[in-house]
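What follows is each chain in one-letter form.
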Amino acid sequence: MPGAGPTVVEIESLDDPRLADYAHQTDVALKKARGTEHGLYIAESALVLERAIRAGHRPRSVLALGGSVDEALALVAGFDVPVFSGPGELLEELTGYILHRGLIASMHRPELPSPESLLAGARRIVVLENVSDPTNVGAIFRSVAAIGADAVLVTPRCSDPFYRRAIRVSMGTVLQVPWTRVGDWDATKRLLEASGFHIAALALTDDAVSLRAFAATAPERVALVLGAEGEGLTPEAIAAADTVVQIPMAHGIDSLNVAATAAVAMYALADA
């Protein structure tokens with residue numbers, strides 16, 4: 001919590017229980033960390049830590065190489081947290097990898113907002129259905145953040161945007177674009193309809209319209225629905241859509257990577 005300020009702690013032993021957050025912990029284990037309200041996630045690099053704090057997230061501790069200690073202290077100024085420091089070899093033994101980016105931080109996961117609160121002022125949102133690869137989740141967030149998505153909704157089987165790889169690939173934008181989880185398609189469709197959203201599913205069906213044609217007359221509020229790698233959208237997602245949209249492609253190619261699809265579709269709708 002904000003308080004007296006951070007304290008530098010020189011690591012003398014890896015047995016310090018406060019270092020457990022960094023000791024070969026999996027994303028799942030961090031999410032279920034004892035003594036936390038909503039779990040933890042790891043922010044890698046000063047850039048990601050800065051974006052996390054700017055988003056209102058609270059650090060629990062920081063692990064920094066000697067040359068990055070001053071930068072770490074500046075980033076968490078005002079938070080009463082330890083900034084652990086030690087030689088690279090020792091930190092590598094603790095974490096299992098070299099801290100190429102100088103520092104990492106253990107962060108408290110925030111409480112996810114309600115879907116209704118995210119949709120209240122939104123015009124363009126993205127719904128991720130069952131996208132299981134955290135690399136793709138991170139790449140999608142980076143693309144739609146840059147192009148202007150107001151929010152992202154993720155289904156129960158979608159990879160967690162707070163997983164380390166997703167945060168890394170997104171360059172911390174998963175901490176900037178508001179997101180939350182939604183339930184099954186019956187409930188999600190009712191939610192989107194109640195908020196005035198037109199549901200546009202990206203899929204290859206016989207009745208799909210081209211993205212260019214859809215964007216030319218796009219409704220005021222659009223929810224773009226993107227599906228899992230390989231499998232695409234489920235029948236339930238397609239049935240829930242008001243319009244099925246496809247990106248026309250050449251050379252016999254039938255689909256793009258889901259992160260590329262998100263970028264192309266969002267760009268087409270950006271000025272619609």
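This text follows the structure it describes.
Per chain, residue numbering runs from 1 following the sequence as it is written. Restriction of local features to residues with pLDDT of at least 70 applies here, the model being predicted, together with a cutoff of 80 or more for giving and counting side-chain atom pairs; totals for whole chains, interfaces and linings are based on all residues. Heavy atoms throughout the structure, all of them, feed into the side-chain values; hydrogens and water do not.

Asks: When you look at helix α6 (residues 134–147) in this model, what are you seeing that I'm missing?
Replies: Only DSSP runs of H or I with at least four residues qualify as helices, and only runs of E with at least two residues qualify as strands; both kinds are numbered from the N terminus onward. Expected span, for any helix, means 1.5 Å times one less than how many residues it has. For α6, which comprises 14 residues, the first-to-last C-alpha distance of 20 Å matches the rise-based estimate of 20 Å (1.5 Å per residue) to within 8%. Of the surrounding elements, those touching the buried residues of α6 are β6 (124–128), β7 (151–154), α7 (164–169), β8 (179–181) and α11 (258–270). In the analysis that follows, any N or O atom pair within 3.5 Å is treated as a polar contact, provided that within protein one partner can donate a hydrogen and the other can accept it, and provided that, for residues neighboring in sequence, both atoms belong to side chains. The opening residue of α6, the one whose side-chain oxygen lies 2.8 Å from the backbone nitrogen of threonine 135, is aspartate 133. In the segment just after α6, glycine 148 is the residue with positive phi, at about 120°. Contacts are assigned to residue pairs that have any heavy atoms within 4.5 Å of one another.

Asks: Please clarify how the environment of glycine 39 should be interpreted in this entry.
Replies: Summarising the element assignment, glycine 39 is placed in the loop between α1 (27–31) and β2 (40–44). With relative accessibility at 3%, the residue glycine 39 sits in the buried group. The spacing of glycine 39 and proline 110 is 71 residues in sequence and 8.3 Å in space, taken between C-alpha atoms. For glycine 39, the contacting residues outside a window of four places in its chain are Leu30, Lys31, Met107, His108 and Arg109. Buried, partly exposed and exposed residues are distinguished by accessible area as a fraction of the type maximum, computed with a 1.4 Å probe on protein chains only: under 20%, between the cut-offs, and over 50%, respectively.

Asks: Before we go on, may I ask you to explain the nonpolar core in this structure?
Replies: By convention a nonpolar core is built from buried Ala, Val, Leu, Ile, Met, Phe, Trp, Tyr and Cys residues, the set being connected through side-chain atoms within 4.5 Å. Leu49, Leu128 and Val152 are the most contacted members of the largest nonpolar core, which has 54 residues in total. The dominant element in this core, judged by the number of residues it contributes, is α11, at six residues. Aside from chain neighbours lying at most four places away, what touches leucine 49 is Ala43, Val62, Leu75, Val76, Leu103, Ala105 and Met107. Among the nonpolar cores identified, the runner-up in size contains 23 residues, and Ala122, Val182, Ala223 and Leu233 belong to it.

Asks: What is the right way to look at the pairing of β7 in this model?
Replies: For a regular strand, side chains alternate in direction, first toward one face of the sheet and then toward the other. Residues Ala151 and Leu153 line one face of β7 and the alternating positions Val152 and Val154 line the opposite face, and both faces are buried. Seen with its strands pointing away from the viewer, a crossover is right-handed if its path from the first strand over the helix to the second goes clockwise. Where the polypeptide runs from β7 across α7 and back to β8, its parallel neighbour, the crossover connection is right-handed.

Asks: Is there a simple way to explain the sheet that holds β7 in this structure?
Replies: The strands making up a sheet associate through backbone hydrogen bonding, with each pair oriented either parallel or antiparallel. Here we have seven strands laid out as an open sheet, ordered β8-β7-β6-β11-β9-β12-β10, and parallel in their pairing. Each edge of the open sheet carries a strand with a single partner, namely β8 and β10 (209–210). In the sheet, β7 pairs with β8 via three bridges, with the strands oriented parallel. In the strand pairing of β8, valine 152 is matched with tryptophan 179. When DSSP locates at least two bridges between a pair of strands, those strands are taken to pair.

Asks: Explain the sheet that holds strand β4 (residues 82–86) to me, please; I cannot follow it from the model alone.
Replies: The strand order across the open sheet built from five strands is β1-β4-β3-β5-β2, with neighbouring strands paired in mixed fashion. What marks the edges here is a single partner per strand, and that holds for β1 (7–10) and β2. Within this sheet the neighbouring strands show an average axis-to-axis angle of 20°, counted without direction. Sheet topology places strand β3 (residues 59–65) next to strand β5 (residues 103–108); five bridges connect them, and they run antiparallel. Note that in β5 the partner of leucine 63 across the bridge is isoleucine 104. Helix axes are fitted only over the stretch in contact, all axes being lines through C-alpha atoms; the angle between N-to-C directions runs from 0 to 180 degrees. Against the sheet, helix α2 (residues 46–54) makes contact with β2, β3 and β5, and its axis sits at roughly 25° relative to β5, the strand it touches most.

By themselves these figures say nothing about function.
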